[in-house]
Amino acid sequence: KPKHIAIYGKGGIGKSTTTSNISAALAESGFRVIQIGCDPKSDSTVILRGGAELPTVLDSLRDRSRPKLEDISTLGFGGVLCIEAGGPVPGVGCAGRGIAAAVDLLEELDVFGTFKPDYVLYDVLGDVVCGGFAVPIRDGIAEAAFVVASSDFMAIFAANNLFKAIDKYAATGGARLGGVIANSLQTPYARDLLDDFAARTGTEIVGYVPRSQAVAQSELYGQTVIEAQPYSEQAEIYRALARRVVGDHPTRLPKPLDGPDLKDWAKQWGDRIFGVEHGAKNSAARL
Ligand code: ADP
Ligand code: SF4
Ligand code: MG
């Protein structure tokens, strides 16, 4: 039975890069992997398929009555089956319903039964965890959800919203939280801040991924780091992350912060960073 895992995070935070490198790492270890882009941007799997064109599920559903698997998928690096749910016609429709339609079609085509994946990864836009984008963590589609975050407040705000959604659907068979993937860490305080957020919300950081030129360089070739720079340190980091993400997850529920608590928490970190960076006795003393 395949393990279904959803990876959330705000736009531009590195979901697709991280998810694709996890897929590539699993594939090079001999696992069968399906990656499903659940972001209207529809570029989730682009670095797995060298930038080759791939019609989205939603476009195919609009253009023909019964798309076949070969119409909506392509094999990428290491044999990863790449699928993009796609987005609504701009100004019309709901991206979340597109995700549901995509999952329904895959079941109808018995993709999970015929491809026999070990892992199915959903790369999901998590800026607003509305009913639509919550589809993969509702109704028992994915068993675990992870969130990619940086130390930027908006990334943490999005992570906290995912925690709320997980709590909401937990009682009716929704996904559990696997943990937080810390991405693009650059500043000295970034790691401490994310560690503290994880501790406050009863979760943990499952991997620290540094900001790396290897990522940008590989992307220019339309490749993952695993494919373009397999012997790099960054590739090893993604392999370790992949093992962690598909490993056994504690079935835990997060403890999201409510609005005012999240603001207070952020402000406290603002003081702390200011105090450290400016050596200002006054703001340091406020701690
Ligand atoms: P998302 O899918 O969340 O919208 P992407 O994965 O497309 O975000 O990443 C956005 C940009 O950030 C890309 O150009 C990607 O190469 C870059 N990026 C992501 N993670 C890293 C990293 N750890 N180091 C360097 N660049 C990164
Ligand atoms: Fe957009 Fe979500 Fe509303 Fe659908 S449910 S229209 S994806 S905000
Ligand atoms: Mg993306």
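Reading the values: rules and limits
- Positions within a chain are numbered from 1, following the residues in the order the chain's sequence is written.
- Key to labels: chains lettered from A, ligands numbered from 1, both in the order written.
- In view of the model being predicted, local features appear only for residues whose pLDDT reaches at least 70, and side-chain atom pairs are presented and counted only at 80 or more, with totals across whole chains, interfaces and linings using the full set of residues.
- With hydrogens and water stripped out, all remaining heavy atoms of the structure feed into the side-chain values.
- Each helix corresponds to a stretch of at least 4 residues labelled H or I by DSSP, and each strand to a stretch of at least 2 residues labelled E; elements are numbered beginning at the N terminus.
- We compute the radius of gyration from the C-alpha atoms alone; for a globule the expected value is 2.2 Å times N to the 0.38, where N is the number of residues.
- Accessibility here uses a 1.4 Å probe with only protein chains present; expressed as a share of the type maximum, an area under 20% marks a residue as buried, one over 50% as exposed, and anything in between as partly exposed.
- Should any heavy atoms of two residues lie within 4.5 Å, those residues are counted as being in contact.
- For the purpose of counting charges, residues Lys and Arg are taken to be positive, whereas Asp and Glu are taken to be negative. His and the chain ends are not included.
- Think of each charge as sitting on NZ of Lys, CZ of Arg, CG of Asp or CD of Glu.
- Axis definition: a line fitted to C-alpha atoms, limited for helices to the stretch in contact. Angles are taken between N-to-C directions and run from 0 to 180 degrees.
- The cut-offs work like this: below 35 degrees is roughly parallel, past 145 is roughly antiparallel, 65 to 115 is roughly perpendicular, and the gaps in between are oblique.
- The sense of a crossing depends on the near helix, which, turned anticlockwise from the far helix by less than a right angle, makes the crossing left-handed and, turned clockwise, makes it right-handed.
- Residues are grouped as follows: Ala, Val, Leu, Ile, Met, Phe, Trp, Tyr, Cys and Pro are nonpolar; Asp, Glu, Lys and Arg are charged; every other residue, Gly included, is polar.
- Note on scores: pLDDT gives the predictor's confidence for each residue, bounded by 0 and 100.
- A cutoff of 4 Å decides nearness: a residue is near a molecule or strand if any of its heavy atoms lies inside that distance of it.
- Expected span of a helix: the number of residues minus one, times 1.5 Å.
- When DSSP finds two or more bridges between two strands, those strands count as paired.
- Centre distance within 6.5 Å is the pairing criterion for rings of Phe, Tyr and Trp, where only the six-membered ring of Trp is used; planes under 30 degrees apart are then read as stacked, over 60 as edge-to-face, and the remainder as tilted.
- The rule is short: NZ of Lys or CZ of Arg within 6 Å of the ring centre and within 35 degrees of the ring normal puts a charge over the ring.

**A few points about the overall build of the chain**
Then comes step 1: Tallying secondary structure elements over the chain gives 12 helices and 8 strands in all.
Then comes step 2: A compact globule built from 287 residues should have a C-alpha radius of gyration of about 19 Å, and the chain, at 19 Å, falls within 12% of that.
Then comes step 3: Overall, the chain is about 65 × 45 × 40 Å in size when its C-alpha atoms are taken along their principal axes.
Then comes step 4: A burial count over the chain gives 51% of its 287 residues as buried.
Then comes step 5: Sequence separation of at least 24 residues holds for 77% of the intrachain contacts in the chain that already meet a minimum separation of 6.
Then comes step 6: On the chain, the mean spot of the 30 positive side-chain charges and the mean spot of the 34 negative ones are 4 Å from each other.

**A word on the packing of helix H6 (residues 153–170) against helix H7 (residues 190–200)**
Then comes step 1: Orientation of H6 relative to H7, taken along the N-to-C sense of each, is 20°, at an axis distance of 12 Å. Taken together, H6 and H7 sit at an angle that is classed as roughly parallel. Considering the relative orientation of H6 and H7, their crossing is right-handed. Each of Ile156, Ala159, Asn160 and Phe163 in H6 lies in contact with H7, whose residues at this interface are Leu193, Leu194 and Phe197.
Then comes step 2: Counted by class, the contact of H6 with H7 contains 6 nonpolar, 1 polar and no charged residues.

**Section: the confidence of the model for the chain**
Then comes step 1: Chain-level statistics for the chain give a pLDDT mean of 91 and a share of 96% at 70 or above.
Then comes step 2: For this predicted complex, the interface confidence reaches an ipTM of 0.98, while the overall pTM sits at 0.94.

**Section: the site of ligand 2**
Then comes step 1: Every residue near ligand 2 is listed here: Cys94, Ala95, Gly96, Cys130, Gly132 and Phe133.
Then comes step 2: Of the residues that constitute the shell around ligand 2, the class distribution is 4 nonpolar, 2 polar and no charged.

**Comments concerning unusual backbone geometry**
Then comes step 1: We note that Asp110 has phi near 55°; this positive angle belongs to a residue other than glycine.
Then comes step 2: Mapping Asp110 onto the fold places it in the loop between helix H4 (95–108) and helix H5 (111–115).
Then comes step 3: Take Asp110: its relative accessible area is 41%, and that puts it in the partly exposed class.

**Points about helix H1 (residues 15–28)**
Then comes step 1: The terminal C-alpha atoms of H1, which comprises 14 residues, lie 20 Å apart, in line with the 20 Å expected from a rise of 1.5 Å per residue.
Then comes step 2: For H1, a buried count of 12 out of 14 residues is recorded, marking the element as mostly surrounded by other parts of the structure.
Then comes step 3: Turning to H1, its buried residues number three or more, namely Lys15, Ser16, Thr18, Thr19, Ser20, Asn21, Ile22, Ser23, Ala24, Ala25, Leu26 and Ala27.
Then comes step 4: At the C-terminal side of H1, Gly30 shows a positive phi close to 95°.

**With respect to the side chain of Ser73**
Then comes step 1: Note on placement: Ser73 falls in the loop between helix H3 (69–72) and strand S3 (74–75).
Then comes step 2: Once residues lying within four places of it in the same chain are set aside, the contact partners of Ser73 are Leu54, Leu81, Cys82 and Ile83.

**Describing the pairing of strand S5 (residues 119–124)**
Then comes step 1: Counting buried residues in S5 gives 6 out of 6 residues, a clear majority hidden from the surface.
Then comes step 2: Residue alternation in S5 divides its side chains into two sets, Tyr119, Leu121 and Asp123 and Val120, Tyr122 and Val124, and both sets are buried.
Then comes step 3: Judged from the 5 bridges that link them, strand S1 (residues 3–8) and S5 form a sheet pairing that is parallel. Its bridge partner being in S5, His4 is matched across the sheet by Val120.

**Some remarks on the packing of aromatic side chains**
Then comes step 1: Going through the model one piece at a time under the given rule, you end up with 4 aromatic pairs.
Then comes step 2: Taken together, a centroid distance of 5.2 Å and an interplanar angle of 70° make the contact between Phe31 and Tyr119 edge-to-face. Here Phe31, found in the loop between H1 and strand S2 (33–38), pairs with Tyr119, found in strand S5; they are 88 residues apart in sequence, far enough to count as distant.
Then comes step 3: Residue classification places Tyr119 among the buried residues on the basis of a relative accessible area of 13%.
Then comes step 4: On the numbers, 5.8 Å between centres and 15° between planes, the contact of Phe163 with Phe197 is stacked. Of this pair, Phe163 sits in helix H6 while Phe197 sits in helix H7; the two residues are 34 residues apart in sequence, bridging distant segments of the chain. The pair formed by Phe163 and Phe197 is uniform in burial state, with each residue classed as buried.
Then comes step 5: Every member of this aromatic cluster is reached through a ring pair, and the members are Phe163, Phe197 and Trp265.
Then comes step 6: Stacked on the ring of Phe115, the Lys or Arg Arg32 has its end atom at 4.2 Å from the ring centre.
Then comes step 7: Against the face of Trp269 rests Arg272, its NZ or CZ located 4.2 Å from the ring centre.

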